[in-house]
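Summary of structural features
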Amino acid sequence: MSIVSVTSFAALSASNMWSLAASALLALMLRPQCLLCADLKNVTGSVFVEGDLDILPLAFGDFNSDKLTDLIVLHSGDRSKLSILLAQPQTFSLASDKYFSGLSEARDRHLTCTFEERDVLGVAPADFDGDGGMDLAVSLREIGKKDHDKVEVVILWGDHDQETDQHRLVCQAKAEREKVLLTLEMEAEPLVMDANGDNVADLYSQTNGTRLGEMWQVCE
């Protein structure tokens, strides 16, 4: 029965194809203004905090698990510094509130990290430790090094303070913290994937100057 039904529908669509096309063309001719009803509008001033436009977007992700897409940015004047701009809950209009928080708020909420004598090349947001929160794999290169030199990859852990319900980015390892920052040396920026299907992100890249790729998995 399903084969007959599909065949009949295909035949009906073919017989009426030209009439449908003519109807659509006639609608456009009668209402040409519809082609111009989706004018582009610059909403930069409504999205970002005034004075925080000297940034370069690197990646998107839900860092604080509020089901809103946050923005990971690089400071244009200082390529060794990155910040997470949290998305703010919005109404139907963006006129009252900015969509993303500002750089000053990112510093106050421990969402800014600085890498001394390093340039940030890229960021890969993912859950690398399986705690359900977003972490960052940051690709770095020493200032003054060439493009073919090795890349240093640092995994920054996303931390959730249960008492204050605040999310922060761990930029430096602390003695009292069980998990320390992971630093890997690779030939190029890594590819993020879940290689073994355990819902924890893994890293794939070349190491040790060989053409063979290696898979890196975070273990407890």
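Heads up: the structure comes first, above all this text.
Below is a short write-up of the structure. (Residues numbered from 1 in each chain as written. Predicted model: local features only at pLDDT ≥ 70, side-chain atom pairs only at ≥ 80, totals over all residues. Heavy atoms only, no water.)

Some points on the state of the cysteines
Put simply, the test is: Pairs of cysteine sulfur atoms within 2.5 Å are identified as disulfides in what follows. Elements are defined by DSSP. Helices are runs of H or I of four residues or more, strands are runs of E of two residues or more, and each kind is numbered from the N terminus. Three exposure classes are used, based on accessible area relative to the maximum for each residue type with a 1.4 Å probe and protein chains only: buried under 20%, partly exposed in between, and exposed over 50%.
Summed over all chains, the structure comprises one disulfide. The residue that forms a disulfide with C113 is C171, at a sulfur-sulfur distance of 1.7 Å. Between C113 and C171 the disulfide shows an S-S torsion of about -80°. By sign, it is left-handed. Here the residue C113 occupies a position in strand 4 (residues 112-114), and C171 occupies one in the loop between strand 9 (166-169) and strand 10 (182-186), the gap between them amounting to 58 residues. The exposure class of C113 is buried, given its relative accessible area of 1%.

A few points about the nonpolar core
Where we set the bar: For this analysis, a nonpolar core means a set of buried residues of the types Ala, Val, Leu, Ile, Met, Phe, Trp, Tyr and Cys, connected via side-chain atoms within 4.5 Å. In what follows, a contact means two residues having at least one pair of non-hydrogen atoms within 4.5 Å.
Residues L82, L85, L136 and V138 are the most contacted members of the largest nonpolar core, which totals 29 residues. Of all elements in the fold, only strand 1 (55-61), strand 2 (70-75), strand 3 (78-85), helix 4 (103-108), strand 5 (118-126), strand 6 (135-142) and strand 7 (151-156) reach the threshold of two or more residues within this core. At four residues, strand 2 tops the list of elements feeding residues into this core. Contact partners of L85, with chain neighbours within four places excluded, come to F48, I55, D70, L71, V73, F100, S101, G102, L103 and A106. By size, the runner-up hydrophobic cluster in this structure holds 13 residues, among which are F128, A137, V151 and W157.

Side note on unusual backbone geometry
Positive phi, normally seen in glycine, also occurs at S65, with a value near 60°. Counting through the fold element by element, S65 comes out in the loop between strand 1 and strand 2. Among the residues examined, S65 registers a relative accessible area of 47% and is labelled partly exposed. Unlike most non-glycine residues, H110 shows phi in positive territory, near 60°. Its place among the elements puts H110 in the loop between helix 4 and strand 4.

Thoughts on the sheet that holds strand 7
Note the cut-off: Any two strands with at least two DSSP-identified bridges between them are counted as paired. Orientation is described by lines fitted to C-alpha atoms, with helices fitted over the stretch in contact, and by angles between N-to-C directions that extend from 0 to 180 degrees.
Taking strand neighbours across the sheet as the criterion, the four strands line up as 5-6-7-10 in an open arrangement whose pairing is antiparallel. The two strands at the open ends of the sheet, each matched to only one other strand, are strand 5 and strand 10. Each neighbouring strand pair of the sheet contributes to a mean axis angle of 25°, computed without reference to strand direction. Here strand 6 runs beside strand 7; their pairing, made up of five bridges, is antiparallel. Pairing of A137 across the sheet is with I155, part of strand 7.

A few points about the packing of aromatic side chains
Under the convention used in this document: Two rings from Phe, Tyr or Trp (for Trp, the six-membered ring) form a pair when their centres sit within 6.5 Å of each other. Planes less than 30 degrees apart are called stacked, planes more than 60 degrees apart edge-to-face, and all others tilted.
Going through the model one piece at a time under the given rule, you end up with two aromatic pairs. Each ring, one from F48 and one from F100, has its centre 5.6 Å from the other, and the planes form 25°; the classification is stacked. Of the two residues, F48 is situated in the loop between helix 3 (44-47) and strand 1 and F100 in the loop between strand 3 and helix 4; the sequence distance between them amounts to 52 residues. Note on accessibility: F48 and F100 belong to one class, buried. Ring centres 4.8 Å apart and planes at 85° place the aromatic pair Y99 and F100 in the edge-to-face group. The class for F100 is buried, based on a relative accessible area of 8%. Of the aromatic side chains, those joined through ring pairs into one cluster are F48, Y99 and F100.

With respect to the sheet that holds strand 4
Across the sheet, which stays open at both edges, the four strands sit in the order 1-2-3-4 with antiparallel pairing between neighbours. The open sheet has two edge strands with one neighbour each: strand 1 and strand 4. Between one strand axis and the next, the sheet turns through 20° on average, direction left out of account.

Points about the pattern of salt bridges
In a structure, side chains of opposite charge can pair up when their charged atoms sit close to one another. For the record, the criterion: Put simply, a salt bridge is a Lys or Arg side-chain nitrogen that is within 4 Å of an Asp or Glu carboxyl oxygen.
Tallied over the full model, the rule gives five salt bridges. Between R118 and E152 there is a salt bridge, and its shortest N-O distance comes to 2.9 Å. On the criterion of sequence distance, the pair formed by R118 in strand 5 and E152 in strand 7 is long-range, its members being 34 residues apart. A relative accessible area of 24% places E152 in the partly exposed class. Where K150 meets E187, a salt bridge forms, and the shortest distance between an N and an O atom there is 3.9 Å. Placement of K150 in the loop between strand 6 and strand 7 and of E187 in the loop between strand 10 and strand 11 (191-193) is noted, with a sequence separation of 37 residues between them. Its relative accessible area of 39% is what places K150 among the partly exposed residues. One salt-bridge network, in which partners are shared between bridges, spans K150, E185 and E187.

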